[in-house]
Amino acid sequence: MDVANSTLAASIRERPGTALVGLFGVLLAVDLVAKLAGVQLGPIGGRLSVGRFTSGLTQGIVIGVIIGLAGIGLSMTYSILNFANFSHGDLITVGAFSGWGVAYLILGWGIVATDPEYGIGTLLLVRRPGVGFTELGASVLLSPWAILGGLVAAAVITALLALAIDRVVYKPMRDRSGISLLIVSIGVALVLRYGIQFIYGPGTRPVTSSERTLELGVASIDTHLATIVVVGVGLIIGTHYLLQQTKLGTAMRAMSDNKDLALVTGIPTERTITWTWLIGGGLAGASGFLYILIQTLQFDRGWLLLLLIFAAVILGGIGSIYGAIAGGLVIGLVFQLSPIWVGSDFNYVAAYAIMILVLLLRPEGLFKGVSTA
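What you see is a predicted model; the values in this text were computed from it and never measured.

Structural notes on the nonpolar core
Step number 1: Counting residues in each nonpolar core, the largest one holds 83 residues, and the members touching the most others are Ile67, Trp100, Trp277, Ile294, Ile309 and Ile331.
Step number 2: Top element by residues in this core is helix H3 (residues 50-81). It accounts for 11 residues.
Step number 3: Setting aside residues up to four positions removed in sequence, Trp100 forms contacts with Gly95, Val126, Ala138, Ile147, Val207, Thr208, Phe289, Ile292 and Leu293.

This is how it looks when you write it as structure tokens:
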């Protein structure tokens, strides 16, 4: 017992910050239990219903899956090409708009000929003058094939666009510094963002139907939330299999560890880079499409999400796709649950504060920055 106590005391002396964070976490947990029991222990926040806590927890997991899924592409780009791609958020927006355009084309195809207000161009632009699209029934329950078609289209279109941008912009600058590429990626982000605004318009629009709850006896399931989790986790598992069990994954891991050595050993680096953009862009587009299942569609949606994605990637260990997933879940939960104590106006602040705190205590991130391995 004395040995255990002395070991604990030595650990606290060596890492007092970690001990303080642990104590703070315990206090928050105690306060949370008290709030759920209807007892006010501290001056911050009020009583908390079980329903509100469960809703925040569910939403946090869902947002975390989306952030983690989008963060995989960002981590892959960084680990293999060694630059932070600030246009990644706007690729997410491209996936959202292009995917929902295809979903509405599938959904409204049967009424194009009978209603003059609906046309192919109108459907692809997710736009109908004066009326929203929600009455068409864009829902996983009502139109699963349209949602599936939109998801596939979002991934494919965004992947091809990401590859085209690489060929036109980034490939000629492959030997430049990371700072040069970073600045150029900001320029690409602005072109994409305001190109989307020019094509689709600046307005915010709801696109999904309100009919999204499946009743199963005494329980009810929000099919949009369930779809995000199932598809997101499926894509994450698929990416893990690709990286660990295929030749392409081996090549990508080798390039992330040592690009020069990979080139010397005969790994087709340019082909690997091509697949990096295709996979990262596809995951970005898919995450953008899924995100709109629970959000409205607007031209800067991906840009607003990008800062949380960067926070998740840095927190998890930049360059590690598993770190991006873990960081995404942490950021998502903090983003949704922090209003219990600090109010919804400060949830972004809470998410970034957690990132900063983790990096102060563990600069390498949760996964020690291990590249794709």
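Let's talk about a nonpolar patch on the surface
Step number 1: A surface patch of nonpolar side chains, about 380 Å² in accessible area, is lined by Leu141, Leu142, Leu214, Leu216 and Ile221.
Step number 2: Tracing the backbone shows Leu216 in strand S1 (residues 213-216).

Comments concerning the packing of aromatic side chains
Each pair of aromatic rings is reported with the distance of its centres and the angle of its planes.
Step number 1: This structure, assessed with the given rule, holds 10 aromatic pairs.
Step number 2: With a centroid separation of 4.6 Å and 20° between ring planes, the pair formed by Trp100 and Phe289 is classed as stacked. Remark: Phe289 occurs in helix H11 (residues 269-291) and Trp100 occurs in helix H4 (residues 88-108); sequence separation between them is 189 residues. Of the two residues examined, Trp100 and Phe289, each falls in the buried class.
Step number 3: With a centroid separation of 4.9 Å and an interplanar angle of 80°, the aromatic rings of Phe335 and Tyr348 are classed as edge-to-face. You can see Phe335 sitting in helix H13 (residues 321-337) and its partner Tyr348 sitting in helix H15 (residues 347-361), a full 13 residues away along the chain.
Step number 4: For Tyr348, a relative accessible area of 34% puts it in the partly exposed group.
Step number 5: By way of ring pairs, the aromatic residues Phe83, Tyr170 and Trp277 are connected into one cluster.
Step number 6: When the ring centre of Trp303 is taken as reference, the NZ or CZ atom of Arg193 above it lies at 4.3 Å.

Overview of helix H8 (residues 223-245)
Step number 1: Between its terminal C-alpha atoms H8 stretches 32 Å, which fits the 33 Å expected from 23 residues at 1.5 Å a residue.
Step number 2: Residues of H8 that are buried include every one of Thr223, His224, Leu225, Thr227, Ile228, Gly232, Ile236, Thr239 and Leu243, and no others.
Step number 3: Packed against the buried residues of H8 are H3, S1, strand S2 (219-222), helix H9 (247-257), H11 and H13.
Step number 4: The backbone nitrogen of His224 has a side-chain oxygen 3.1 Å away, supplied by the residue at the start of H8, namely Asp222.

Definitions and limits used
- Residues numbered from 1 in each chain as written.
- Predicted model: local features only at pLDDT ≥ 70, side-chain atom pairs only at ≥ 80, totals over all residues.
- Heavy atoms only, no water.
- Core = buried A, V, L, I, M, F, W, Y, C linked by side-chain atoms within 4.5 Å.
- Buried < 20%, exposed > 50% of the residue type's maximum accessible area, 1.4 Å probe, protein only.
- Helix = DSSP H or I, 4+ residues; strand = E, 2+ residues; numbered from the N terminus.
- Contact = heavy atoms within 4.5 Å.
- Patch = residues over 30% accessible without salt bridge, like charges linked within 9 Å, V, L, I, M, F, W, Y side chains within 5 Å.
- Areas by Shrake-Rupley, 256 points an atom, 1.4 Å probe, with all protein chains shown as cover.
- Salt bridge = Lys/Arg side-chain N within 4 Å of Asp/Glu carboxyl O.
- Phe/Tyr/Trp six-rings, centres within 6.5 Å; stacked < 30°, edge-to-face > 60°.
- Lys NZ or Arg CZ within 6 Å of the ring centre and 35° of its normal.
- Expected span 1.5 Å × (residues − 1).
- Polar contact = N/O pair within 3.5 Å; in protein donor to acceptor, adjacent residues only side chain to side chain.

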